[in-house]
Amino acid sequence: MVPGGNRGWLLRLVIAFGFAQAAVSMARPAVSYRALALGADERAVGVIAGVYALLPLFAAVPLGRRTDHGRCAPLLPVGVVLIAGGCALSGVAGSLWTMALWSGVMGLGHLCFVIGAQSLVARQSAPHEQDRNFGHFTIGASLGQLIGPIAAGALIGGPDMAGSSALALVVAGGGAAVAFTSLWRIEHPGAAKSRTRQGARVPVGSILRARGVPAGILISLSVLSATDILTAYLPVVGEHRGISPAVIGVLLSLRAAATIACRLVLTPLLRLLGRTVLLTVTCLLAALLCAGVALPVPVWALALMLVVLGFCLGVGQPLSMTTVVQAAPDEARSTALALRLTGNRLGQVAAPAAAGLIAGVAGVAAPFVMLGALLLLSSGVALRSPSTGATGATGPTGETGAAGAAGAAAGPRSPEIGQDVPDRAGDSRPCRESKG
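Calculation criteria
- Residues numbered from 1 in each chain as written.
- Predicted model: local features only at pLDDT ≥ 70, side-chain atom pairs only at ≥ 80, totals over all residues.
- Heavy atoms only, no water.
- Helix = DSSP H or I, 4+ residues; strand = E, 2+ residues; numbered from the N terminus.
- Buried < 20%, exposed > 50% of the residue type's maximum accessible area, 1.4 Å probe, protein only.
- Contact = heavy atoms within 4.5 Å.
- Areas by Shrake-Rupley, 256 points an atom, 1.4 Å probe, with all protein chains shown as cover.
- Patch = residues over 30% accessible without salt bridge, like charges linked within 9 Å, V, L, I, M, F, W, Y side chains within 5 Å.
- Salt bridge = Lys/Arg side-chain N within 4 Å of Asp/Glu carboxyl O.
- Expected span 1.5 Å × (residues − 1).
- Phe/Tyr/Trp six-rings, centres within 6.5 Å; stacked < 30°, edge-to-face > 60°.
- Axes fitted to C-alpha atoms, helices over the stretch in contact; angles between N-to-C directions.
- Parallel < 35°, antiparallel > 145°, perpendicular 65-115°, else oblique.
- Left-handed = near helix turned anticlockwise from the far one by under 90°.
- Nonpolar A, V, L, I, M, F, W, Y, C, P; charged D, E, K, R; others polar.
- pLDDT = per-residue confidence, 0-100.
- Disulfide = S-S within 2.5 Å.
- Polar contact = N/O pair within 3.5 Å; in protein donor to acceptor, adjacent residues only side chain to side chain.

## Observations concerning the overall build of the protein
Secondary structure assignment for the protein yields 17 helices and two strands. For the protein, the residues scored as buried account for 54% of the 436 residues in total. Sequence separation of at least 24 residues holds for 83% of the intrachain contacts in the protein that already meet a minimum separation of 6. Accessible surface for the protein amounts to roughly 17200 Å². Of this, 69% is attributable to carbon and sulfur atoms.

Quick look at the structure:
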């Protein structure tokens, strides 16, 4: 299996990611409900939720380092085991501190799976395929985020909140375990051999100084923060405007569906506009629409805004992955992706805290104005970021515009995607994309 070859591995990865993400998206609200049923107050629920994001911060870079010089696939079953175990054990936990512990295990499992999966996509995709493949990969996350909360809502409720939330957590653990069925033959058997012979570790500071890496991290952080705060605060906005919870649920589902639709048409959009323009325009539109949510508009207008906003937010995550991968040194791509995930986790901790502070001072609509400012900054950063690698425009050789210039800078190579070229040791390895 070489870059540009059979993409059956990508379909299996998307399916596995869908089940893993659905389990996490189902378990996180279930954890909160079970904690409340066990006597937790709002502060304790916040701490338990924070452990999910904070614990993986310490493991992200070491896991990225390990993946840079080894195989990606082993992280996937490890992640599934930790997710499934964290979900199920949260369901049988009898105290708040054990729930916090298993919530952290679940977060660590999600981190393991995502680092392994993103590194696999980066390593096994031809240069011009990376935008498309990352877009397809994130469809699994979007489907999981759409299905998980619906499944949790169907199981949780009634007079026995502790029992129903425990059942939802055990079911989530079983759902995560289904991901094992799609993890067979997912990594090229010779992919790790050439990695182990690469040079010394690249310092984290050097990775962060590589042109394009900070931009990719900021864009990813902004988009994820917008998605999280939108999910958390739209119900509060609805309560203040007299919009029923059922309608708010439909509005959030429309947003998620628009994100999935965006990723299905990402390749033609990239062919039409290129990565830099597409990132800049979508971040700018998302900034305006986030600020617009703060306005007292009718429900139909809010629905239209959320559909367009979901479409725009669907661009940022996959393209920020490609931006980071192509800007980072070859021998530090997994570490760069881990740093991007670290930024995401920091955003998941800091953005809700900042939103809560702003909402307490300026009203519940104010966090959306804050998100607009953050996305506006990301739009400016995207405009100044380098045009690295392929834009996703797939001509016969996969190189058009900036992609063609990148390919020329890399020196002569065969137009056949995935052709092996000799390395210094005399072995062969898949041809790599150039970096901006």
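## What to know about a nonpolar patch on the surface
Taken together, the side chains of Leu272, Leu273, Val277, Val281, Leu284, Leu285, Leu288 and Leu376 define a hydrophobic patch exposed on the protein surface, amounting to about 700 Å² of accessible area. Here the element with the most residues in the nonpolar patch is helix 13 (residues 275-293); it accounts for five residues. Structurally, valine 281 can be placed in helix 13.

## Some thoughts on helix 5 (residues 96-124)
For helix 5, spanning 29 residues, the distance from its first C-alpha to its last is 42 Å, which sits close to the expected 42 Å at 1.5 Å a residue. In terms of burial, helix 5 is largely enclosed, as 24 of its 29 residues are buried.

## A few points about the packing of aromatic side chains
Inspection of the entire model under this criterion finds two aromatic pairs. Look at phenylalanine 17 and phenylalanine 137: their rings are 4.7 Å apart centre to centre, the planes differ by 10 degrees, and that puts the pair in the stacked class. Highlighted residues: phenylalanine 17 in helix 1 (residues 8-37) and phenylalanine 137 in helix 6 (residues 130-155), separated in sequence by 120 residues. Across the pair, exposure class does not vary: phenylalanine 17 and phenylalanine 137 are buried alike.

## Quick look at helix 1
With 30 residues, helix 1 extends 44 Å between its outermost C-alpha atoms, agreeing within 8% with the 44 Å of an ideal straight helix rising 1.5 Å per residue. Backbone geometry just downstream of helix 1 places glycine 39 in the positive-phi region, at approximately 105 degrees.

## Describing the packing of helix 6 against helix 14 (residues 299-327)
Across the interface, helix 6 lies against helix 14 with an axial gap of 8 Å and an inter-helix angle of 135 degrees. By the angle class used here, helix 6 and helix 14 are oblique. The element helix 6 and its partner helix 14 pack so that their crossing is right-handed. Residues Gln130, Asp131, Phe134, Gly135, Phe137 and Thr138 of helix 6 pack against Pro318, Leu319, Met321, Thr322, Val325 and Gln326 of helix 14. In the contact of helix 6 with helix 14, the residues fall into six nonpolar, five polar and one charged.

## Overview of the packing of helix 4 (residues 75-92) against helix 5
Orientation of helix 4 relative to helix 5, taken along the N-to-C sense of each, is 155 degrees, at an axis distance of 7 Å. Taken together, the axes of helix 4 and helix 5 are roughly antiparallel relative to one another. Handedness of the helix 4/helix 5 crossing: left-handed. Each residue belonging to the contact of helix 4 with helix 5 can be placed in one class, and the counts come to 18 nonpolar, seven polar and no charged.

## Here we look at the confidence of the model for the protein
This prediction gives the protein a mean pLDDT of 77; 81% of its residues lie at or above 70. The least confident element of the protein, judged by mean pLDDT, is helix 17 (residues 402-409) at 37; the most confident is helix 4 at 92. Every residue in residues 192-197 is under pLDDT 50, and counting partners more than four places away or in other chains gives 13 contacts. A low-confidence stretch, residues 388-436 (pLDDT under 50), is modelled with 92 contacts involving residues beyond four sequence positions or located in other chains.

## Looking at the environment of valine 297
One can find valine 297 in the loop between helix 13 and helix 14. A relative accessible area of 23% means that valine 297 is categorised as partly exposed. Taking the C-alpha atoms as reference points, valine 297 and arginine 241, 56 residues apart in sequence, are found 9.6 Å from one another. When residues no more than four places from it in sequence are discounted, the contact partners of valine 297 are Arg241, Leu302 and Met305.

## What about the environment of serine 32?
Mapped onto the elements, serine 32 comes out in helix 1. Put simply, serine 32 and serine 165 are 133 residues apart on the chain and 8.8 Å apart in space, counted from C-alpha to C-alpha.

## Details of the environment of alanine 53
Inspection of the secondary structure assignment puts alanine 53 in helix 2 (residues 42-54). Expressed as a C-alpha distance, the spacing of alanine 53 and leucine 111, which sit 58 residues apart in the sequence, is 9.4 Å. Every residue in contact with alanine 53, bar those within four places of it in the chain, is listed here: Arg345, Gln348 and Val349.

## Re the state of the cysteines
Covalent bonding between the sulfur atoms of two cysteines defines a disulfide. A complete count under the given rule lists zero disulfides for this structure. Here cysteine 312 stays unpaired: no disulfide links it, and the sulfur of cysteine 262, its closest cysteine neighbor, is 7.8 Å away.

## Points about the side chain of serine 103
Note that serine 103 resides in helix 5. Residue classification places serine 103 among the buried residues on the basis of a relative accessible area of 4%. Engagement of the side chain of serine 103 in a polar contact is seen with the backbone oxygen of isoleucine 48, the distance being 3.3 Å. In this structure serine 103 touches Ile48, Tyr52 and Ser90, once residues within four positions along its chain are discounted.

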